[in-house]
Amino acid sequence: MKTRAKDEVEDPPSPLSSADGSSTPPRSRSTAKSTKRKRGRPSEVAVAVTETKCILKAYSKVEVWECILDSVSVMRRHADGWLNATQLLKVAGITEKSRRTKILEACHLEGPCEKVQGGFGKYQGTWVPVDKAVEICKQYGIEERLEPLFACECKPNSLSRK
């Protein structure tokens with residue numbers, strides 16, 4: 001395992017900023033850890049953003065930022081910035097699958113989303129654009145807890161960024 005220091009970089013403004021444009025001061029990242037890919041395990045790069053660690057992993061060649069909150073893995077795709085709404089609802093304490101399903105079906109009717117079935121189990125679920133994910137987080141009072149995941153940088157050509 002090698003550890004290398006990166007130049008200190010300011011994070012872009014969070015999508016969770018208030019309507020008047022105020023937000024918390026930017027955080028800086030100073031180190032990243034990378035590990036060699038092991039057979040059968042996702043590759044990962046850990047970035048300490050706040051107390052919650054977000055890790056860049058690859059599941060079936062799809063890179064995602066992943067945080068663990070309340071023993072629930074919460075993911076954000078690196079390619080487009082979309083988040084797994086199923087996992088967001090689990091963090092919000094909605095443990096009944098039937099209730100989550102009703103909420104997620106409404107997401108399908110309201111706008112773009114992607115339902116992933118099959119493949120790697122942790123990656124499955126309903127994926128939504130960042131603006132819809134922010135709505136869900138605010139609705140269920142978990143926006144502050146998910147701040148580290150929203151602060152992770154996605155590829156610059158992200159479809160969900162403005």
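Everything discussed here concerns the structure shown above.
Quantities reported herein were computed from a predicted structural model and do not represent experimental measurements.

(A) Representation of the state of the cysteines within the structure. All chains considered together, the criterion is met by 1 disulfide. Covalent S-S linkage joins Cys54 and Cys67, the inter-sulfur distance amounting to 2.3 Å. Of this pair, Cys54 sits in strand S4 (residues 53–59) while Cys67 is found in strand S5 (residues 62–69), placing the two residues 13 residues apart along the sequence. The buried category is assigned to Cys67, whose relative accessible area is 2%. The closest cysteine sulfur to the non-disulfide-bonded Cys113 is located on Cys107, 6.4 Å from its own sulfur.

(B) Main features of the packing of aromatic side chains. A complete count under the given rule lists 2 aromatic pairs for this structure. Considering the side-chain rings of Tyr59 and Phe120, the 4.6 Å spacing of their centres and the 40 degrees angle between planes classify their relative orientation as tilted. Pair noted here: Tyr59 is in strand S4 and Phe120 is in the loop between strand S8 (114–116) and strand S9 (125–128), with a separation of 61 residues, a long-range link. Measuring from ring centre to ring centre gives 4.9 Å for Tyr123 and Trp127, while their planes differ by 40 degrees; the resulting arrangement is tilted. Its relative accessible area of 11% is what places Tyr123 among the buried residues. Judged by its relative accessible area of 0%, Trp127 is buried.

(C) Inspection of the nonpolar core at higher detail. Core analysis: the biggest nonpolar cluster contains 29 residues, and Val74, Leu88, Leu146, Leu149 and Phe150 have the highest contact counts within it. When residues of this core are traced back to their parent elements, those giving at least two are S4, S5, strand S6 (72–77), helix H1 (85–91), helix H2 (97–110), helix H3 (130–139) and helix H4 (147–151). Considering each element in turn, this core owes the most residues, 5 residues, to H3. In contact with Leu146, not counting residues within four places along its chain, are Leu69, Val74, Leu88, Val91 and Cys137. Ranked by size, the runner-up nonpolar core spans 7 residues in total, among them Val64, Met75, Val116 and Tyr123.

(D) Molecular detail of H3. Within the sequence span of H3, burial applies to Val130, Lys132, Ala133, Val134, Ile136 and Cys137. Elements that come into contact with the buried residues of H3 comprise S6, strand S7 (83–84), H1, H2, S9 and H4. Positive backbone phi, approximately 70 degrees, marks Gly141, located one or two places after H3.

(E) Expanded view of the pairing of S4. Across the 7 residues that make up S4, a large majority, 6, are buried. Linking S4 to S5, which pair antiparallel, is a turn of 2 residues; within it Ser60 sits at a positive phi near 50 degrees.

Rules used in this analysis
- Residues numbered from 1 in each chain as written.
- Predicted model: local features only at pLDDT ≥ 70, side-chain atom pairs only at ≥ 80, totals over all residues.
- Heavy atoms only, no water.
- Disulfide = S-S within 2.5 Å.
- Helix = DSSP H or I, 4+ residues; strand = E, 2+ residues; numbered from the N terminus.
- Buried < 20%, exposed > 50% of the residue type's maximum accessible area, 1.4 Å probe, protein only.
- Phe/Tyr/Trp six-rings, centres within 6.5 Å; stacked < 30°, edge-to-face > 60°.
- Core = buried A, V, L, I, M, F, W, Y, C linked by side-chain atoms within 4.5 Å.
- Contact = heavy atoms within 4.5 Å.
- Pairing = 2+ DSSP bridges.

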